[in-house]
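# Tertiary structure, described
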Amino acid sequence: MWDFFIVIFRDSTSILLVALGILIMQLGGVINIGAEGMMLIGAFFGILGTFLSGYTGLGILIALIILAIFGFLFGLMTIYWKGNQVVVGVALNLLAEGMTTTLSRQIFGTGSQSTIQGFKPIFLGVSVMTYVALALVLALYFFLYHTNLGLRIRASGEYPIAVDIAGIDVYRVQLTAVVIGAMIIGLGGCSLSMAHMNSFSELMTGGRGYIALAAVALGQYKPIGVLLASLMFGASNTLQYHLQASITKFPAPIIRIIPYVVTIIAVIISGKNSKDPSALGKKYIKFS
Amino acid sequence: MIRSKLIQYFLYPFIAIMIALLIGALIILSGGNNPLEAYRLMLEGSIGTSQTLAETIVKTASLIIAGASYAFAYRCGMLNIGIEGQMLAGAIFSTWIGVNLTFLPGLLHLFIAVIGGILAGALLGCFIAFLKNRFGANEVITTVMMNYVMLFIVEYLVTGPMREAPEFPQSARVLPSAGFPVLIPGTRVNIGIVLALLLIVLYGYYWKNSKKGFEMRIVGENPTVANSIGINVKQNRMLAFAISGSLGGLVGSLEILGIQKRLLQNFSAGYGFDGIAVALLGKNSPIGIMLSSFLFGAMKTGGNMVQMFSSVPSSVVMIIQAIIILLMAIQVFSKKTKELERA
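Residues numbered from 1 in each chain as written. Chains lettered and ligands numbered in written order. Predicted model: local features only at pLDDT ≥ 70, side-chain atom pairs only at ≥ 80, totals over all residues. Heavy atoms only, no water.

## Details of the overall build of chain A
Looking only at helices and strands, one finds twelve helices and zero strands in chain A. What you see in chain A, going N to C, is helices and strands ordered as α-α-α-α-α-α-α-α-α-α-α-α. C-alpha extents for chain A along the principal axes are approximately 60 × 40 × 35 Å. A buried classification covers 59% of the 288 residues belonging to chain A. Considering only residue pairs separated by 6 or more positions, chain A has 79% of its internal contacts joining residues 24 or more positions apart. In the structure as shown, chain A presents an accessible area of about 11200 Å², 69% of it carried by carbon and sulfur atoms. Taking the average place of the 16 positive charges on the side chains of chain A and the average place of its 9 negative ones, the gap between the two points comes to 3 Å. (Helix = DSSP H or I, 4+ residues; strand = E, 2+ residues; numbered from the N terminus. Buried < 20%, exposed > 50% of the residue type's maximum accessible area, 1.4 Å probe, protein only. Contact = heavy atoms within 4.5 Å. Areas by Shrake-Rupley, 256 points an atom, 1.4 Å probe, with all protein chains shown as cover. Lys, Arg positive; Asp, Glu negative; His and termini not counted. Charge placed at Lys NZ, Arg CZ, Asp CG, Glu CD.)

## Description of the environment of Phe74 of chain A
All names here are of chain A. Inspection of the secondary structure puts Phe74 in helix H3 (residues 56-80). Looking at Phe74, the relative accessible area reads 1%, which means it is buried. Between the C-alpha atom of Phe74 and that of Gly34, which follows or precedes it by 40 residues, the distance is 8.9 Å.

## So, the interface of chain B and chain A
Accessible area lost on assembly of the parts is the figure often given for the size of an interface. Across the contact, 47 residues belong to chain B and 42 residues belong to chain A. For the pair chain B and chain A, the summed buried surface comes to about 4000 Å²; carbon and sulfur atoms form 79% of the total. Here chain B and chain A share one salt bridge between them. Across the pair Glu155 of chain B and Arg256 of chain A runs a salt bridge whose closest N-O atoms are separated by 3.3 Å. For the pair chain B and chain A, the interface holds four residue pairs in polar contact (both at pLDDT 80 or more). When contributions to the side of chain B that touches chain A are tallied by element, the ones reaching two or more residues are helix H1 (2-30), helix H3 (50-75), helix H5 (106-135), helix H6 (139-159), helix H11 (271-281) and helix H13 (316-330) of chain B. Looking at the side of chain B that touches chain A element by element, the count peaks at 13 residues for H6 of chain B. Counted by class, the side of chain B that touches chain A contains 33 nonpolar, ten polar and four charged residues. (Buried area = accessible area lost by both parts, 1.4 Å probe. Salt bridge = Lys/Arg side-chain N within 4 Å of Asp/Glu carboxyl O. Polar contact = N/O pair within 3.5 Å; in protein donor to acceptor, adjacent residues only side chain to side chain. Nonpolar A, V, L, I, M, F, W, Y, C, P; charged D, E, K, R; others polar.)

## Points about the packing of aromatic side chains
Residues and elements named next belong to chain A. Applying the stated criterion to the full structure yields twelve aromatic pairs over all chains. Pairing Phe44 with Phe200 gives two aromatic rings, centres 5.1 Å apart and planes at 70°, and the pair type is edge-to-face. Separated by 156 residues along the polypeptide, Phe44 in helix H2 (residues 35-53) and Phe200 in the loop between helix H8 (170-197) and helix H9 (208-218) bring together distant segments of the chain. Looking at Phe200, the relative accessible area reads 4%, which means it is buried. Residue placement shows Lys286 over the ring face of Tyr171; its charged tip is 4.7 Å from the ring centre. (Phe/Tyr/Trp six-rings, centres within 6.5 Å; stacked < 30°, edge-to-face > 60°. Lys NZ or Arg CZ within 6 Å of the ring centre and 35° of its normal.)

## What to know about unusual backbone geometry
The phi dihedral of Leu203 of chain A falls on the positive side, at around 55°, and the residue is not glycine. By relative accessible area, Leu203 of chain A is classed as partly exposed at 45%. Phi at Lys261 of chain B is positive, roughly 70°, even though this residue is not glycine. The topology assignment puts Lys261 of chain B in the loop between helix H10 (233-260) and H11.

## Section: a nonpolar patch on the surface
All names here are of chain A. A cluster of nonpolar side chains, namely Tyr55, Leu58, Leu61, Ile65, Ile69, Phe72 and Leu73, defines an oily patch on the protein surface of about 680 Å² accessible area. In this fold, Tyr55 is placed in the loop between H2 and H3. Accessibility expressed as a relative area gives 59% for Tyr55, which makes it exposed. (Patch = residues over 30% accessible without salt bridge, like charges linked within 9 Å, V, L, I, M, F, W, Y side chains within 5 Å.)

## Notes on the packing of helix H4 (residues 85-108) of chain A against H13 of chain B
For the pair H4 of chain A and H13 of chain B, interaxial distance at closest approach is 8 Å and the crossing angle is 155°. Between H4 of chain A and H13 of chain B, the crossing angle belongs to the class labelled roughly antiparallel. At the point where H4 of chain A passes H13 of chain B, the crossing takes the left-handed sense. Contacts from Val87, Val88, Ala91, Leu94, Leu95, Glu97, Gly98, Met99 and Thr102 of chain A of H4 of chain A reach H13 of chain B at Val316, Met318, Ile319, Gln321, Ala322, Ile323, Ile325, Leu326, Ala329 and Ile330 of chain B. Per-class residue counts for the contact of H4 of chain A with H13 of chain B are 15 nonpolar, three polar and one charged. (Axes fitted to C-alpha atoms, helices over the stretch in contact; angles between N-to-C directions. Parallel < 35°, antiparallel > 145°, perpendicular 65-115°, else oblique. Left-handed = near helix turned anticlockwise from the far one by under 90°.)

## Examining the confidence of the model for chain B
On average, residues of chain B score 88 in pLDDT, and 96% of them are at 70 or above. Segment residues 334-343 of chain B is flagged for pLDDT under 50; beyond a separation of four residues in sequence, or across chains, it makes 17 contacts in the model. (pLDDT = per-residue confidence, 0-100.)

## Some thoughts on the environment of Leu16 of chain A
Residue and element names in this part refer to chain A. Among the secondary structure elements, Leu16 is positioned in helix H1 (residues 2-27). A residue is classified by how much of its surface remains accessible, and Leu16, at 4% relative accessible area, is buried. Leave out the neighbours within four places in its chain, and Leu16 touches Ala133, Leu134, Val137, Val226, Leu227 and Ser230.

## Some remarks on helix H8 (residues 211-221) of chain B
All names here are of chain B. Three or more residues of H8 are buried, namely Gly213, Glu215, Met216, Ile218, Val219 and Gly220. On its buried face, H8 sits against H3, helix H7 (192-209), helix H9 (223-228) and H10. For H8, the capping residue at the N-terminal end is Ser210, with a side-chain oxygen 3.0 Å from the backbone nitrogen of Gly213.

## Considering the side chain of Asp11 of chain A
Residues and elements named next belong to chain A. The topology assignment puts Asp11 in helix H1. The charged side chain of Asp11 is buried without a salt bridge, its nearest counter-charge being Arg208 at 6.1 Å. Within the structure, the side chain of Asp11 is placed 3.0 Å from the side chain of Thr238, a separation counted as a polar contact. Once residues lying within four places of it in the same chain are set aside, the contact partners of Asp11 are His196, Gly234, Asn237, Thr238 and Tyr241.

This is the structure in structure tokens:
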């Protein structure tokens with residue numbers, strides 16, 4: 001039984017981290033369809049950084065810096081230059097797919113993967129990343145509900161005019177949320193490629209970024225809710241692996257559909273009483 | 001007036017394409033390859049010879065329909081990221097009809113096979129719209145998830161029930177009677193391109209001149225206003241997504257019956273996502289979709305050629321496409337950003 005929980009936590013970690021990143025962005029009023037791409041970029045640069053520098057920590061740092069740059073660009077394009085947030089997100093996914101595929105083929109060659117010694121399980125069979133993710137849930141709760149900036153971020157997503165009238169730069173608050181969020185998502189990518197798999201393979205995220213989006217909605221935009229929703233998705237993934245291994249008679253592709261169908265059901269459930277921030281996805285134009 | 005239109009429709013896309021090519025060149029350069037050589041290969045491999053030009057035209061046909069599919073939902077205020085899935089659904093049905101309904105004569109067989117593909121796509125589109133209307137489910141997430149679901153269903157079918165021989169994960173070949181007639185002998189150019197051009201003219205007419213198109217445009221720009229003047233928002237959304245989905249299904253039919261002739265595991269060339277790029281670059285106008293489809297078709301064909309004859313991977317094309325979409329989406333050059341748009 002304990003083993004089963006460990007596996008669930010292992011499978012949920014990357015989704016949880018990505019979902020937390022999306023949470024902070026979307027609370028700030030910016031829809032992030034590009035989470036899948038950001039995650040892929042994080043997964044790739046974490047491995048590449050480790051490969052080049054020889055240190056896991058340095059690899060993660062490099063991934064976070066790259067993600068901060070991408071987050072900044074994403075924020076610039078959506079908040080300052082008023083690009084359609086969903087369209088920019090979709091383009092970012094395409095860019096990430098093209099970029100990581102091109103670079104990984106140029107650096108590691110086709111087919112061959114770079115195997116990296118990632119975070120080995122250190123405590124009760126779970127990698128460090130899982131504890132980082134769980135700590136982030138608490139940290140984010142504190143940040144969003146008990147700090148000034150957290151309040152400003154939430155207000156910008158809910159009612160940006162009020163923030164503007166209070167003399168606070170809405171754009172800058174949103175940009176901050178986007179950059180922080182992108183970095184957390186990048187960490188999620190790192191946890192997938194370095195703690196979960198120990199290597200990068202093309203398109204390895206396999207829709208986890210979108211699943212995390214559903215987890216945020218299902219978790220009703222609360223850090224604890226997001227944690228529970230991510231665990232649920234992790235469990236559906238674990239179930240899928242278990243079924244594939246145990247029921248060999250049943251065709252594997254059909255079993256692999258499970259997490260995606262669970263996501264659709266989750267979107268249906270959370271869509272009915274949606275807790276989306278009121279200004280989510282709306283372009284706000286400042287007074288000044 | 002005409003001048004500003006000219007700038008908006010030609011100058012901006014042109015600048016966007018140039019910047020994208022420049023960034024692409026830098027990435028090729030960073031991999032230790034000569035970008036000029038790569039672009040020369042791309043040009044030669046896309047429109048250089050009659051054979052490659054034919055390939056480009058084949059791809060253009062699919063792209064036009066995929067672009068129209070995305071634009072159709074977009075103009076009604078929705079995002080159909082699931083063209084890929086609808087395409088797979090269409091491909092499954094077209095293959096099944098093409099392989100199994102052997103008693104149908106000649107053109108009727110083709111006709112039924114195409115209709116089957118279109119209906120499959122439409123059904124999937126209706127399902128997505130139903131989830132949005134009834135439960136408020138975000139169509140971006142549901143369509144993306146359906147893409148994965150359809151991908152695995154195809155994998156299941158070609159390794160299980162529809163598999164022809166145990167050696168290869170692929171279906172049986174569709175009968176010749178269900179194949180798209182070839183237009184230019186010796187190439188793969190089929191009547192698909194005629195169909196695509198016909199559809200894009202219809203598309204233009206629908207949005208410009210028809211009453212229903214006007215209604216849908218209002219729904220797209222402002223659902224609240226549409227509701228208050230007595231337009232049925234949900235019904236229009238359902239219809240728009242059904243048409244968008246059916247066009248997606250048609251791309252699948254065209255791909256199977258015109259080109260691949262059988263269902264394969266990874267037969268899709270990513271037209272579903274290219275359709276988004278094409279519609280954005282073409283600003284949803286019929287002529288724009290046509291021109292950008294040709295451009296992207298050429299890049300796709302050329303990209304394969306580049307990969308074959310140099311060490312530059314074809315995924316470079318994806319980067320160039322993504323940058324074009326980004327530049328078109330932000331309209332950093334344009335002064336008018338007040339254009340009504342929803343996320």
